[in-house]
Amino acid sequence: AQKVTQAQTEISVVEKEDVTLDCVYETRDTTYYLFWYKQPPSGELVFLIRRNSFDEQNEISGRYSWNFQKSTSSFNFTITASQVVDSAVYFCALSGANTGNQFYFGTGTSLTVIP
Amino acid sequence: AAGVIQSPRHLIKEKRETATLKCYPIPRHDTVYWYQQGPGQDPQFLISFYEKMQSDKGSIPDRFSAQQFSDYHSELNMSSLELGDSALYFCASSFKSFSGNTIYFGEGSWLTVV
């Protein structure tokens, strides 16, 4: 079974602070894929990043960085120097190699950046 | 770049009515997915199509049906609407339906059942 847990329901930070969103996943697949999507108040789901289970190299892209650790089944997402426009709900998602391309989403973390 | 196009963006229907949502995938994408997101919920997979054939089925109610046409656009038909069907319906697309392919979502269609 595939399961994604985002324990943080809501987070508030003051602008320019760093913030890390946690994601823990469960899967029996040896090959799987992890994603982060952003859902701003307007409602659309915006793709941020994709990671293969066999690629644990962490990445930094501008103010965003990701920390993938198979040993702890975690795929955390960090925003550096947060901005008001980062306010959104962030979803972590999992797709297993044996479940077609069906995505399993976590319950989301609502991030509010206060000016 | 062209994205996934969904229509209508907003729809209000009464209980027991029928609604149809349309989705036009990103050009050259051959796989379409439908997700339902209830208020304050995470998106739930409904159904997907690859090359006009159903590829995966999730928690789609029997009252709902969908298909993908020869031009790869897809329609989600919902009948005997219930209040609980009020949700944001997303269509997403990808090139091929291989596991792990990134899927790109449209802006969603807000359905309100009154």
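Here's a quick rundown of the structure. (Residues numbered from 1 in each chain as written. Chains lettered and ligands numbered in written order. Predicted model: local features only at pLDDT ≥ 70, side-chain atom pairs only at ≥ 80, totals over all residues. Heavy atoms only, no water.)

## Thoughts on the interface of chain A and chain B
- Between chain A and chain B, the residue contacts involve 22 residues of the former and 23 residues of the latter.
- Carbon and sulfur atoms make up 54% of the area that chain A and chain B hide from each other, which totals about 1700 Å².
- Where chain A packs against chain B, one counts zero salt bridges.
- Viewed at the interface, chain B and chain A are joined by eight residue pairs in polar contact (both at pLDDT 80 or more).
- In terms of residue count, the dominant contributor to the side of chain A that touches chain B is strand E5 (residues 32-39) of chain A (four residues). (Contact = heavy atoms within 4.5 Å. Buried area = accessible area lost by both parts, 1.4 Å probe. Salt bridge = Lys/Arg side-chain N within 4 Å of Asp/Glu carboxyl O. Polar contact = N/O pair within 3.5 Å; in protein donor to acceptor, adjacent residues only side chain to side chain. Helix = DSSP H or I, 4+ residues; strand = E, 2+ residues; numbered from the N terminus.)

## Describing the state of the cysteines
Residue and element names in this part refer to chain B.
- Counting across every chain of the model gives two disulfides over all chains.
- A sulfur-sulfur separation of 1.8 Å characterises the disulfide bridge that pairs Cys 23 with Cys 91. Here the disulfide of Cys 23 and Cys 91 is left-handed, its torsion about the S-S bond being about -60°. Highlighted residues: Cys 23 in strand E3 (residues 19-24) and Cys 91 in strand E9 (residues 87-94), separated in sequence by 68 residues. When sorted by exposure, Cys 23 lands in the same class as Cys 91, which is buried. (Disulfide = S-S within 2.5 Å. Buried < 20%, exposed > 50% of the residue type's maximum accessible area, 1.4 Å probe, protein only.)

## Examining the layout of surface pockets
- In this structure, the largest pocket occupies an estimated 460 Å³ of space.
- Gln39(A), Val89(A), Gln37(B), Gly40(B) and Gln41(B) are the residues nearest the centre of the largest pocket, which is lined by 26 residues in total.
- If you list the elements that add at least two residues to the lining of the largest pocket, you get strand E10 (88-96) and strand E12 (109-114) of chain A together with E9 and strand E11 (109-113) of chain B.
- By residue class, the composition of the lining of the largest pocket is eleven nonpolar, 15 polar and no charged. (1 Å grid on protein atoms, 1.4 Å probe; cavity = no way out; pocket = protein on both sides within 12 Å on 5 of 7 lines; lining within 4 Å. Points joined across faces, edges and corners; volume = space filled by probe spheres on them. Nonpolar A, V, L, I, M, F, W, Y, C, P; charged D, E, K, R; others polar.)

## Comments concerning the environment of Tyr37(A)
- Along the chain, Tyr37(A) falls in strand E5.
- Of the polar contacts made by the side chain of Tyr37(A), one reaches the backbone oxygen of Ile103(B); its length is 2.6 Å.

## Points about the packing of aromatic side chains
- Inspection of the entire model under this criterion finds 23 aromatic pairs over all chains.
- Both rings, one in Phe105(A) and one in Tyr35(B), keep their centres 5.7 Å apart while their planes meet at 85°; by these two values the pair is edge-to-face. Of this pair, Phe105(A) sits in strand E11 (residues 104-105) while Tyr35(B) sits in strand E4 (residues 31-37), placing the two residues on different chains.
- On the basis of relative accessibility, which here comes to 7%, the residue Phe105(A) falls in the buried class.
- The rings of Phe35(A), Tyr37(A), Phe47(A), Phe91(A), Phe103(A), Phe105(A), Tyr35(B), Phe45(B), Phe90(B), Tyr104(B) and Phe105(B) are connected pair by pair, giving a single aromatic cluster. (Phe/Tyr/Trp six-rings, centres within 6.5 Å; stacked < 30°, edge-to-face > 60°.)

## Side note on the side chain of Gln2(A)
Residue and element names in this part refer to chain A.
- Considering the arrangement of structural elements, one finds Gln 2 in the segment before strand E1 (3-5).
- A distance of 2.6 Å separates polar atoms of two side chains, one belonging to Gln 2 and the other to Thr 27.
- Within the local environment of Gln 2, its side chain forms a polar contact with the side chain of Asp 29, the two groups lying 3.0 Å apart.
- Setting aside residues no more than four positions away along its own chain, Gln 2 makes contact with Glu 26, Thr 27, Asp 29, Leu 94, Gly 96, Thr 99 and Tyr 104.

## So, the nonpolar core
- Formed by 24 residues in total, the largest nonpolar core has its most connected members in Trp36(A), Trp66(A), Phe75(A), Phe77(A), Tyr90(A) and Leu111(A).
- Among the secondary structure elements, those contributing two or more residues to this core are strand E2 (10-14), strand E3 (19-21), E5, strand E6 (46-52), strand E8 (64-69), strand E9 (74-79), E10 and E12 of chain A.
- Of all the elements, E10(A) adds the most residues to this core, at four residues.
- Excluding anything up to four places from it in sequence, Tyr90(A) contacts Gln6(A), Leu21(A), Trp36(A), Tyr37(A), Lys38(A), Leu48(A), Phe77(A), Ile79(A), Gly108(A), Thr109(A) and Leu111(A).
- Of all hydrophobic cores here, the second largest spans 22 residues; its members include Ile26(B), Ile60(B), Ala66(B) and Cys91(B). (Core = buried A, V, L, I, M, F, W, Y, C linked by side-chain atoms within 4.5 Å.)

None of this, on its own, says anything about what the molecule does.
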